Amino acid sequence: MDYNPISINTALILLVIFGIVWIFFGWWLGRKNKTLDDFMLAGRNVGLAFAGATAMATWITSNTTLVAPQLTYELGIWGMVGYSLAALGLILFAPMAKRIKELMPEGYTCGDFIRVRYGKPAWIAFLIVSFCYAMGWLVSLGMAGGVLLDTLSGLNYKVGMTVILAICVSYTLLGGLRAVIATDYVQTIIIIVGVLIIGFVCYQSVGLESVYEFNKEKHPELLSLLFPAAMMFLFNNIFFGIGEIFHSNVWWSRALAFRPGIGKKAYLLSGFLWLPIPIVTGFVALAAPSLGLYPDSSDMVGPMVAAKLLGDIGAIFVFIVVFSALASSLDSLLAATSDLVTRDIYNGLIDKAASKEKLHKLSKLVILGLGVVTWILCLPKITTLGALLNFTGAFVASTIWPIVLGLYQRRMSGNFVTAAFVLGTTCGLIGYHMIGFYVAALFSCITSFVICMVGLIVKDDKFDWQRLKHMEKMQ
Amino acid sequence: MIISLEALETLVLVAMGVTCLSPIILIILLIRDWLKEELW
């Protein structure tokens, strides 16, 4: 279906304007970065406003604006409610953010924690899980950028994806986490106002009652409260969301970057403010059938409904919202993954004596390298955004219990944690292929939980918390 | 068994109401942090 409500020229003009603004902003903020701590962790003193907004903006990804409507379009009410419950990850991470800052005030990454807390085998297994997830998310975001531009303007997928990646890599490279956090704040406001206007116009012009009556007659499964696959998705998505946040360096680096005493408040605030957003974006998708919209690619249902309701100007509006959502997550992920590569792989495995100045320079090169790798992986548009995202659920859900128990339980041992990562991920992938995407995280989390519980019963690690305070180097 | 119109309307309106509050809260916090020189 050809559906290009804005011209290629308009799309390119918008990209150039946003590109210049964000890159200048990144450069301007980056001038204050003098040390590795400034670049990687924004000086470790971020206040509540920026902290709350960055956590919220990062969690409002293209997936919230594209996949939440897609899942509502495919799974109905439980799709949007299930997606919104991913906010539980942010809310439950709030006390952990406080604990992380207290336990390892000099730490840089979640890899630091796993390495000191559980030892090398668990650390390696964790890094593999974490990179599979990070690359899955990066590729999903890069693809989303190309798909967005292709659908809204007809701009070639590869060109759109390349331009969006280049903009995000540039300002992250210039400004580090400080630029990421400040742009996140502005992007959060743009996204929320945009989502609200689209939701409000949909509510006013189509009407909830007509959406409800149309779906009740033609697509009753979308309103069903007993849609088995959708209910499985709901539980799966809770575990997936929790796993994504608990293990990912995107969230750990923020916990370490926030001013002492801010992490818990910031994550609670962002969780409660994020919770309703997928419901608003999902509701928009419920209106698609009654508007006669049946998109070829279901992840474009949200933008197509919005463009239909708001006309040509509305399409520009949708473009700005989804672009902001994409950029706010892409920059965070680039920065956090670069920290993992620099700190854990280079400094942990290759050059253990590297100075902070050297790591500072290297982290910029890594951001650039990650951008190139993501670009190459995005070139063949291999799958839909939702499918790719849910595939990574098998990996991340295996980390939930090892992370939680590692932070609060001295008994938990590294051997069992390694087994929990490996077997949890394996069972999740089996579930993904044998049953469906909606059980991958569920299977992974349950397997990991059983192994961790056995580990707690049979072995006592007697971990000394002081070892985390000064971030022991790898032997 | 399908969701009732009233339940769906409540869900959507509450979600839109809370979403309305978000930018206001974030702007107030930004001004507060800026006045207290606690942005960074």
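No experiment lies behind these values; they were computed from the predicted model shown.

Scanning chain B for helices and strands turns up one helix and zero strands. Along the first, second and third principal axes, the C-alpha atoms of chain B reach 55 × 15 × 10 Å. The buried share among the 40 residues of chain B stands at 32%. Looking at chain B as shown, the accessible area adds up to about 2,400 Å², and 73% of this sits on carbon and sulfur atoms.

Right, let's talk about the packing of aromatic side chains for a bit. Residues and elements named next belong to chain A. This model, assessed by the stated rule, comprises 24 aromatic pairs over all chains. For the ring pair F50 and Y185, a centre distance of 5.6 Å and an interplane angle of 85 degrees mean the geometry is edge-to-face. You can see F50 sitting in helix α3 (residues 48-59) and its partner Y185 sitting in helix α9 (residues 157-205), a full 135 residues away along the chain. Accessibility assignment for this pair places F50 and Y185 in one class, buried. In this structure an aromatic cluster arises from ring pairing among W59, Y83, F93, F246, W251, F258, Y267 and W274. Over the aromatic face of W465 sits the side chain of R99, whose NZ or CZ is 4.8 Å from the ring centroid.

Contacts between chain A and chain B engage 43 residues on the former and 27 residues on the latter. Together chain A and chain B conceal approximately 3,300 Å² of surface at their shared face, both sides included; 81% is due to carbon and sulfur atoms. Area buried by chain A at its contact with chain B is led by A:L196, A:L208 and A:Y212, which between them contribute 16% of it. Linking chain A to chain B there are 12 residue pairs in polar contact (both at pLDDT 80 or more). Among the elements of the structure, α3, α5 (77-84), α9, α10 (208-218), α13 (263-274) and α14 (277-286) of chain A are those that each provide at least two residues to the side of chain A that touches chain B.

Residues and elements named next belong to chain A. Running from N to C, helix α20 (residues 414-434) and helix α21 (residues 440-458) cross one another at 155 degrees; their axes reach a closest spacing of 7 Å. The orientation of α20 with respect to α21, classified from their angle, is roughly antiparallel. Crossing hand, α20 versus α21: right-handed. Side by side, α20 and α21 meet where F416, A419, A420, L423, G424, T425, C427, G428, G431 and Y432 of the first sit next to A440, F443, S444, T447, S448, I451, C452, V454, G455 and V458 of the second. Split by residue class, the contact of α20 with α21 holds 12 nonpolar, eight polar and no charged.

The next subject is the environment of A:L88. Residues and elements named next belong to chain A. On the secondary structure map, L88 appears in helix α6 (residues 87-103). We classify L88 as partly exposed; its relative accessible area is 29%. Each C-alpha atom of the pair L88 and L149 lies 31 Å from the other, and the pair is 61 residues apart in sequence. Not counting the four nearest positions on each side in its chain, L88 is found in contact with I238 and I242.

Turning our attention to the nonpolar core. Ranked by internal contacts, the top residues of the largest apolar core, which has 185 residues, are A:F93, A:W251 and B:L8. Element by element, the count of residues in this core is highest for helix α15 (residues 301-350) of chain A, at 22 residues. In this structure, A:W251 is in contact with A:A55, A:T58, A:W59, A:L90, A:F93, A:W137, A:E244, A:I245 and A:Y267, ignoring residues within four places of it in sequence.

Moving on, we get to a nonpolar patch on the surface. Nonpolar side chains collect at one region of the surface, where A:I446, A:F449, A:V450, A:V454, A:I457 and A:V458 lie side by side and expose about 550 Å² of accessible area between them. Mapped onto the elements, A:F449 comes out in helix α21.

The subject of this paragraph is the confidence of the model for chain B. In the predicted model, chain B carries a mean pLDDT of 92, and 100% of its residues have values of at least 70. What the predictor reports for the complex is a pTM of 0.89 with an ipTM of 0.94.

What follows covers helix α1 (residues 5-35) of chain B. Compared with the 45 Å implied by 1.5 Å per residue over 31 residues, the 46 Å span of α1(B) between its first and last C-alpha is a close match. Buried within α1(B) we find B:L5, B:L8, B:V12, B:A15, B:M16, B:T19, B:S22, B:P23, B:L26, B:L29 and B:D33. Residues of α1(B) that are buried make contact with α3, α5, α9, α10, α13 and α14 of chain A. Positive phi appears at B:E37, one or two residues downstream of α1(B), with a value of about 55 degrees.

On to the side chain of A:R259. Looking at the secondary structure, you find A:R259 in the loop between α12 (249-257) and α13. Although A:R259 lies buried, it forms no salt bridge, and the closest oppositely charged side chain, B:E38, sits 4.7 Å away as judged by the N-O distance. A polar atom in the side chain of A:R259 sits 2.7 Å from the backbone oxygen of B:E38. With near-sequence residues (within four places) excluded, A:R259 lies in contact with A:R44, A:N45, A:V46, A:G47, A:K101, B:E38, B:L39 and B:W40.

Turning our eyes to something else, we now look at the packing of α10(A) against α1(B). Following both chains from N to C, one finds α10(A) and α1(B) inclined at 130 degrees, their axes separated by 11 Å at the closest point. In terms of orientation, α10(A) lies oblique with respect to α1(B). Crossing of α10(A) against α1(B): the hand is right-handed. Seen from α10(A), the contacting residues are A:L208, A:E209 and A:Y212; seen from α1(B), they are B:L5, B:L8, B:E9 and B:V12.

Cut-off values and rules
- Residues numbered from 1 in each chain as written.
- Chains lettered and ligands numbered in written order.
- Predicted model: local features only at pLDDT ≥ 70, side-chain atom pairs only at ≥ 80, totals over all residues.
- Heavy atoms only, no water.
- Helix = DSSP H or I, 4+ residues; strand = E, 2+ residues; numbered from the N terminus.
- Buried < 20%, exposed > 50% of the residue type's maximum accessible area, 1.4 Å probe, protein only.
- Areas by Shrake-Rupley, 256 points an atom, 1.4 Å probe, with all protein chains shown as cover.
- Phe/Tyr/Trp six-rings, centres within 6.5 Å; stacked < 30°, edge-to-face > 60°.
- Lys NZ or Arg CZ within 6 Å of the ring centre and 35° of its normal.
- Contact = heavy atoms within 4.5 Å.
- Buried area = accessible area lost by both parts, 1.4 Å probe.
- Polar contact = N/O pair within 3.5 Å; in protein donor to acceptor, adjacent residues only side chain to side chain.
- Axes fitted to C-alpha atoms, helices over the stretch in contact; angles between N-to-C directions.
- Parallel < 35°, antiparallel > 145°, perpendicular 65-115°, else oblique.
- Left-handed = near helix turned anticlockwise from the far one by under 90°.
- Nonpolar A, V, L, I, M, F, W, Y, C, P; charged D, E, K, R; others polar.
- Core = buried A, V, L, I, M, F, W, Y, C linked by side-chain atoms within 4.5 Å.
- Patch = residues over 30% accessible without salt bridge, like charges linked within 9 Å, V, L, I, M, F, W, Y side chains within 5 Å.
- Salt bridge = Lys/Arg side-chain N within 4 Å of Asp/Glu carboxyl O.
- pLDDT = per-residue confidence, 0-100.
- Expected span 1.5 Å × (residues − 1).
- Lys, Arg positive; Asp, Glu negative; His and termini not counted.

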